[in-house]
Amino acid sequence: MIPGSFDYHRPSSLTAAIALLSDHGDTARVVAGGHSLIPMMKLRMADFDHIVDLSAISDLQGISIDGSTIRIGAMVTQHELITNDVLANAAPIIRETALQIADPQVRYMGTIGGNIANGDPGNDMPGLMQCLDAKFHLTGPNGERSVAARDFYEAAYFTAREDEEILTHVSFQTPGGGYAYAKQKRKIGDYATAAAAVLISRSGDTCTSASIALTNLADIPLYCEAAVDALVGSTLDDAAIKAAVSAAVDITEPSEDNRGPIEFKKHVAGVIIRRAIDSAIARA
Ligand SMILES: Cc1cc2nc3c(=O)[nH]c(=O)nc-3n(C[C@H](O)[C@H](O)[C@H](O)COP(=O)(O)OP(=O)(O)OC[C@H]3O[C@@H](n4cnc5c(N)ncnc54)[C@H](O)[C@@H]3O)c2cc1C
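Procedures and definitions
- Residues numbered from 1 in each chain as written.
- Predicted model: local features only at pLDDT ≥ 70, side-chain atom pairs only at ≥ 80, totals over all residues.
- Heavy atoms only, no water.
- Near = heavy atom within 4 Å.
- Polar contact = N/O pair within 3.5 Å; in protein donor to acceptor, adjacent residues only side chain to side chain.
- Areas by Shrake-Rupley, 256 points an atom, 1.4 Å probe, with all protein chains shown as cover.
- Helix = DSSP H or I, 4+ residues; strand = E, 2+ residues; numbered from the N terminus.
- Buried < 20%, exposed > 50% of the residue type's maximum accessible area, 1.4 Å probe, protein only.
- Arc of directions from axis to C-beta.
- Contact = heavy atoms within 4.5 Å.
- Pairing = 2+ DSSP bridges.
- Axes fitted to C-alpha atoms, helices over the stretch in contact; angles between N-to-C directions.
- Salt bridge = Lys/Arg side-chain N within 4 Å of Asp/Glu carboxyl O.
- Patch = residues over 30% accessible without salt bridge, like charges linked within 9 Å, V, L, I, M, F, W, Y side chains within 5 Å.
- Lys, Arg positive; Asp, Glu negative; His and termini not counted.
- Charge placed at Lys NZ, Arg CZ, Asp CG, Glu CD.

> What's the story with the site of the ligand in this structure? I'm lost.
Not every one of the 30 residues close to the ligand is listed here, only the nearest: Val-30, Ala-32, Leu-37, Thr-111 and Asp-124. Here a nitrogen atom of the ligand sits 2.9 Å away from a polar atom, N or O, in the main chain of Leu-167. When the ligand is considered free in solution it has 960 Å² of accessible area, and contact with the protein chains removes 92% of it. Breaking the shell around the ligand down by element, the ones donating at least two residues are β2 (28-31), α7 (112-117) and β10 (166-173).

Here it is as structure tokens:
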């Protein structure tokens with residue numbers, strides 16, 4: 001499989017990259033790790049005259065922690081997310097999730113920005129970012145803005161990002177308490193049949209805060225508000241957990257595909273959500 005011909009650009013600044021996108025409109029597309037875009041181009045499901053490589057732009061690199069705020073540059077690879085011990089200490093759910101993405105070869109190249117901006121319901125980082133209540137920072141011809149991860153996804157492959165905007169970094173507050181990212185997949189290295197990101201904090205026996213988000217159980221990642229409400233204020237007893245799982249499964253809208261029929265996916269969702277909540281409680 002060979003993609004159609006295109007002009008390759010490798011700007012060294014964000015300003016130059018945005019100028020290229022502005023000049024060439026929807027005939028141009030940025031490439032980060034290339035592990036989603038290039039396969040689509042090889043299959044001729046995507047065709048662009050101009051490819052703008054983001055790898056020489058230093059502003060898009062790096063992981064930093066300032067007080068309780070964590071900032072991750074868009075070009076940080078999944079491999080870096082796994083191997084950065086300071087990040088793993090501050091937000092261990094990031095490493096737990098990144099380790100379940102694809103395989104090491106893909107993770108050496110695939111970036112957090114590409115995973116988030118892609119809008120593929122199968123990508124794992126969007127659900128995780130909703131669980132963390134992250135903010136996505138975008139820069140375009142009209143300046144900078146930020147969008148909450150929970151407001152970013154509109155439909156499969158459609159997001160709040162304008163064509164000429166570049167995702168520069170994500171930021172979120174250091175999560176406390178227990179955490180888990182549980183994922184069911186058909187084989188090693190596969191996308192999720194169902195996955196759940198969970199954060200739980202408690203004081204004594206009482207759940208003081210929770211966050212639950214799902215991957216690949218609808219066209220977009222799902223933040224499960226009713227499930228959170230079922231847990232917060234409870235003693236995290238079996239009845240409360242069952243109510244939370246049921247509320248989370250209720251909002252799923254999976255479609256039938258080669259990962260199984262709808263009823264099967266909803267069943268797997270229930271198992272995975274329960275598993276993630278139990279693990280997060282055990283670590284809280
Ligand atoms: C065999 C295989 C298995 C995989 N399994 C999984 C899996 O289990 N879970 C998972 O989550 N992913 C999986 N992936 C996807 C992989 O993690 C990709 O790397 C990732 O989804 C896209 O990141 P990228 O950096 O490669 O982006 P690219 O492919 O370069 O770009 C993807 C899209 O995002 C846009 N984009 C990229 N960066 C930016 C930016 N900074 N600002 C604006 N737009 C941007 C591009 O224009 C493009 O439209 C798999 C990939 C392969 C090949």
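Picking up where we left off.
> Would you mind showing me how to read helix α1 (residues 14-24) here?
Side chains that are three or four residues apart share a direction in an α-helix, a result of its 3.6 residues per turn. When α1 is considered as a whole, its buried residues turn out to be Leu-14, Ala-17, Ile-18, Leu-20 and Leu-21. With its buried residues spanning 155° around the axis, α1 presents them on a single face. Turned more than 90 degrees away from the buried face of α1 sit Thr-15 and Asp-23, all of them exposed. On its buried face, α1 sits against β1 (7-9), β2, β3 (50-53), β6 (135-140) and β10. With its phi angle positive at about 55°, Gly-25 sits one or two positions after the end of α1.

> Honestly, the sheet that holds β2 in this entry has me stumped. Any pointers?
By way of backbone hydrogen bonds, the strands of a sheet pair with one another, either parallel or antiparallel. Spatial ordering of the open sheet is given by β1-β3-β2, a layout of three strands whose pairing is parallel. Edge positions in the sheet fall to β1 and β2, since each of these pairs with one other strand and no more. Mean inter-strand twist for the sheet, computed between neighbouring axes without regard to direction, equals 25°. Lying over the sheet, α1 contacts β1, β2 and β3, oriented at roughly 150° with respect to β2.

> Sorry, what's going on with the pattern of salt bridges here?
Once their charged atoms are close, side chains differing in charge can pair, the charge on each being opposite to the other. Inspection of every chain in the model, using the stated rule, returns twelve salt bridges. Measuring nitrogen to oxygen at the nearest pair gives 2.8 Å for the salt bridge that ties Asp-190 to Arg-259. Of the two residues, Asp-190 sits in the loop between β11 (178-185) and β12 (192-203) while Arg-259 sits in the loop between α11 (238-250) and α12 (262-283), which places them 69 residues apart along the sequence. Pair check on accessibility: Asp-190 and Arg-259 agree, each one buried. Through salt bridges with shared partners, a single ionic network connects Asp-238, Lys-242, Arg-274 and Asp-278.

> What should I look at first to understand a negative patch on the surface in this one?
Judged by side-chain charge, Asp-26, Glu-154, Glu-162 and Asp-163 come together as a negatively charged surface patch. By the secondary structure assignment, Asp-26 is in the loop between α1 and β2. Using a relative accessible area of 64% as the deciding quantity, one classes Asp-26 as exposed.

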